[in-house]
Amino acid sequence: MANPGLKAYPGTRDFYPDDMDFRNWMAQKQRSVCERFGYREYGAPVLEYLDLYLRKSSEEIVSEQLYIFTDRGERKVAIRPEMTPTLARMVSSRPQQYILPLRWFSIANFMRYERPGRGRLREFYQLNVDLLGSDAISGDVEVLALACDIMKEYGAAPTDYVLRFSDRRLLDHSFSELNGDQLRELGRILDKKEKLNPEDFRKTVDDLGGQWQKKDLVQRVETFYELSLEKADGNPILEYLREIRDRLSEHVSVESFKFDPGIVRGFDYYTGLVFEMNDTDPSNARALFGGGRYDKLLSQFGKETIPAVGFGMGDVTLQDFLEVHNLRPALNEKSSLFLTMFSEDLARDTEKVAARLRSAGIQVELALDGNRKLGKQFDLAEKKGHSHAGVMGPEELANDAIRIKNLKTGEQKDVSVSDLDSSALAGI
Ligand code: HAM
């Protein structure tokens, strides 16, 4: 293998401070929307027993994407590829301690061995939002509305994204003659439809039909794609989805969401509502988030059946989305002070003033070298992106004052150290 030198592992990212500012900004918006809906933040380990994912995640993840290794104590472990099994484990292990329903969210990193490309990496961050302990339709509507509120929080217009939703049970209902394995396989192919060209998709379905001796499978799949909420015809699943659509339209602009029977999702644990959100800009083909209802997953861990619904939203596609729609803000415009050091013999006094200004709420970076010319210190302050620079010579020190220079406008002002706080600084 070639010497990796300074390169990070493929599909992972180093977050230099500017990148980190942006990641924190994205996360802060998510946090504030989740908290507004009454969700509480939780955390969990990056390593889990491999067993947690076997039969409880998706076939593709377990067989192709999981990072698995044996630890020094001979345990088979995996780096988490998603949060849902961990969340199910956490909640099932202490069922009596919580008053249901639970509204929980987390922002954490995950790893999947994927081919890195636009919108897809090997390490990514994901917001997980889950509502556990209720199978009410209001819970489904709430989670979908919350997801759309996050998009609004970033300043996205209703036509910038589309939330497509369906129900896993539609597949079982429409192909009732297929057995469980066949349904899963068909679901997997429908899930990949948009990545295949129409000819290849048709051929794959036709081959399956041949294999299963269901000659009309292609036509049946075409009919499946024609399902519509306007023609529910007594189908209880379509009626349920219509109810979701109608209630959601009270919260979210109707251009932002639509029923799409082709949404099946790759995870075996979904049991009902399933949904994905996409950027309407074709340069971002990968989903911004995906989720659904998983009413039976928790019963695989504990005695209790706790219904649940939620979604995961990744940072990679979100960043692409924000950039394509010009919603990524400039984040270096906050006010901060670079406190120059007039001379080495004033170092201790300058340090003390820096401490006083920090307690007054100002972000202060201290120059460390009093032998450096003041002009050079100002240059450094500007290069580092500070809004203001401060000078304290012997005269200012005697008056407990400080000279502040606005590095953008060049304006200068002498102020008393006691009067200086962050709003006073912003006013100079
Ligand atoms: P998922 O569809 O696998 O669902 O992932 C959700 C989102 O995470 C994707 O839409 C995408 O934004 C991001 N994501 C996933 N894999 C990658 C990757 N390799 N690189 C970059 N971003 C990625 C789940 O993970 C479910 N556990 C979500 C869930 C929570 N369902 C219920 N609750």
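Residues numbered from 1 in each chain as written. Predicted model: local features only at pLDDT ≥ 70, side-chain atom pairs only at ≥ 80, totals over all residues. Heavy atoms only, no water.

Novice: Can you help me understand the sheet that holds strand β16 (residues 412–416) in this one?
Specialist: By way of backbone hydrogen bonds, the strands of a sheet pair with one another, either parallel or antiparallel. The strand order β13-β12-β14-β15-β16 describes an open sheet built from five strands, whose pairing is mixed. In this open sheet, the two strands that pair with only one neighbour each are β13 (364–366) and β16. Between one strand axis and the next, the sheet turns by 30° as a mean value, whatever way the strands run. Where strand β15 (residues 401–406) and β16 come together, five bridges link them in antiparallel fashion. Within β16, the position partnered with K405 by the bridge is Q412. Its contacts with the sheet put helix α11 (residues 347–359) on β12 (337–339), β13 and β15, and the angle it makes with β13 is roughly 165°. Helix α12 (residues 374–383) rests against β12, β14 (388–391) and β15 of the sheet, and its axis sits at about 155° to β14. (Pairing = 2+ DSSP bridges. Helix = DSSP H or I, 4+ residues; strand = E, 2+ residues; numbered from the N terminus. Axes fitted to C-alpha atoms, helices over the stretch in contact; angles between N-to-C directions. Contact = heavy atoms within 4.5 Å.)

Novice: Explain helix α4 (residues 137–153) to me, please; I cannot follow it from the model alone.
Specialist: Between its terminal C-alpha atoms α4 stretches 24 Å, which fits the 24 Å expected from 17 residues at 1.5 Å a residue. Along α4, 13 of the 17 residues are buried, which leaves the element largely enclosed by surrounding structure. G155 lies just past α4 and shows a positive phi near 90°. (Expected span 1.5 Å × (residues − 1). Buried < 20%, exposed > 50% of the residue type's maximum accessible area, 1.4 Å probe, protein only.)

Novice: I keep staring at the packing of aromatic side chains and nothing clicks. Help me out?
Specialist: Pairs of aromatic rings are described using the distance from one ring centre to the other and the angle between the two planes. Enumeration according to the criterion identifies 19 aromatic pairs in this entry. Judged by centre distance (6.3 Å) and plane angle (70°), the rings of Y9 and Y67 are edge-to-face. Placement of the pair is Y9 in the segment before α1 (17–36) and Y67 in strand β3 (residues 67–70), with a sequence separation of 58 residues. Classification of Y9 by relative accessible area gives partly exposed; the value is 38%. Residue classification places Y67 among the buried residues on the basis of a relative accessible area of 15%. In textbook terms, an aromatic cluster arises when at least three aromatic residues are bridged by ring pairs, as seen for F175, F201, F224 and Y225. (Phe/Tyr/Trp six-rings, centres within 6.5 Å; stacked < 30°, edge-to-face > 60°.)

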